[in-house]
Each structure stands twice: as C-alpha cells, then as structure tokens.
Amino acid sequence: MEISDENFRVWAEKNEVYFDGVFRLAGPDAYAPIYSLITGLLHEGHKQVTFDLTGLEFLNSSGINLLAKLTIEARKMGDLLLIVKGTHQHPWQAKSLPNLKKLHPLLELRLA
C-alpha cells in the first residue's frame, strides 16, 4: 500500500516502510492514515521491521510525534526488532532519530 501527495510518499514492501519527500502535514489527524498503514505492518508478526527514512528530507513536529508513537507500538510487540535507517545528509535526522532509542530498547538506528 502507498500513501502520497505532491510532497511526500510512504509505502511498504514486505517488512520495510519507506518515507520519501517533505512531510508538513497539519497535526496528528493528518498523519492518521500513515499511522494505520504502519501499525498494520507491525502487527503482521514480523521478527524485524525497517523504517527507511533516508529519502525523508523534512519532518515536522507532528511527524516526529508519529515516529515516536510507531516506535512505542513496536515496543509493545515484544521481541520485534525495529531498524530505523537515516542519513546525515538531512541534519534533523542525526538530531532527532537517536531519541527513538530511548523509547524502544530493541531499536537499531543506522545513520549513514
């Protein structure tokens, strides 16, 4: 499944979720379809799920809140390994993504 508009795109392939573009959605309600898509994937029984954020240029505070909620949801899954891929090319990622590790002990952060 895919959710997109002219500024961003989110899609899932097997146990990986890809984020691409600029996310400036107006609050939690606007992010609800993305949350629903990803929580559905988290509940499919995978041992590992990857969030690939390398194509995500910008994420507003509501979007960062979405990532935090998804990380907490992954933590509730027990032994689910959550891998978050980011890049130093987008400075906000190196600053914000390490905070997700505080929310989920099995989160593996990969910043390239």
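Residues numbered from 1 in each chain as written. Predicted model: local features only at pLDDT ≥ 70, side-chain atom pairs only at ≥ 80, totals over all residues. Heavy atoms only, no water.

Participant: Explain the UniProt feature "domain: STAS" (unreviewed entry) in the chain here, please?
Facilitator: According to UniProt, the "domain: STAS" (unreviewed entry) feature falls on residues 22–84. Helix makes up 49% of residues 22–84 and strand 29%. Its end C-alpha atoms lie 18 Å apart. (UniProt positions renumbered as here; feature names shortened; annotations may be inferred. Helix = DSSP H or I, 4+ residues; strand = E, 2+ residues; numbered from the N terminus.)

Participant: What should I look at first to understand helix α2 (residues 61–76) in this one?
Facilitator: Every α-helix carries 3.6 residues per turn, so stepping three or four residues along brings you back to the same face. The end-to-end C-alpha distance of α2 is 23 Å, a good match for the 22 Å that 16 residues give at a rise of 1.5 Å each. Buried residues of α2: Gly63, Leu66, Leu67, Ala68, Leu70, Thr71, Glu73 and Ala74, and no others. On its buried face, α2 sits against β3 (16–23), α1 (28–42), β4 (48–59), β5 (81–86) and β6 (107–111). (Expected span 1.5 Å × (residues − 1). Buried < 20%, exposed > 50% of the residue type's maximum accessible area, 1.4 Å probe, protein only. Contact = heavy atoms within 4.5 Å.)

Participant: How should I be thinking about the sheet that holds β4 in this particular structure?
Facilitator: Strand-to-strand pairing in sheets goes through backbone hydrogen bonds, with the strands running parallel or antiparallel. Taking strand neighbours across the sheet as the criterion, the six strands line up as β1-β2-β3-β4-β5-β6 in an open arrangement whose pairing is mixed. Single-partner strands in this sheet number two, and they are β1 (2–4) and β6. On average, each strand axis in the sheet is inclined to that of its neighbour by 10°, with strand direction left out of account. Across six bridges, strand β2 (residues 8–13) lies against β3 in antiparallel orientation. The partner of Trp11 across the bridge, within β3, is Tyr18. (Pairing = 2+ DSSP bridges. Axes fitted to C-alpha atoms, helices over the stretch in contact; angles between N-to-C directions.)

Participant: I'm lost on the packing of α1 against α2 in this one. Help?
Facilitator: Each pair of packed helices gets described by two things: the angle between the helix axes and the distance between those axes. At a minimum axis distance of 10 Å, the contact between α1 and α2 shows a crossing angle of 25°. One finds that α1 runs roughly parallel with respect to α2. For the pair α1 and α2, the crossing hand works out as right-handed. Within the contact between the two elements, α1 uses Pro28, Tyr31, Ile34, Tyr35, Ile38, Thr39 and Leu42 and α2 uses Ser62, Gly63, Leu66, Lys69, Leu70, Glu73 and Ala74. Class assignment for the residues of the contact of α1 with α2 results in nine nonpolar, three polar and two charged. (Parallel < 35°, antiparallel > 145°, perpendicular 65-115°, else oblique. Left-handed = near helix turned anticlockwise from the far one by under 90°. Nonpolar A, V, L, I, M, F, W, Y, C, P; charged D, E, K, R; others polar.)

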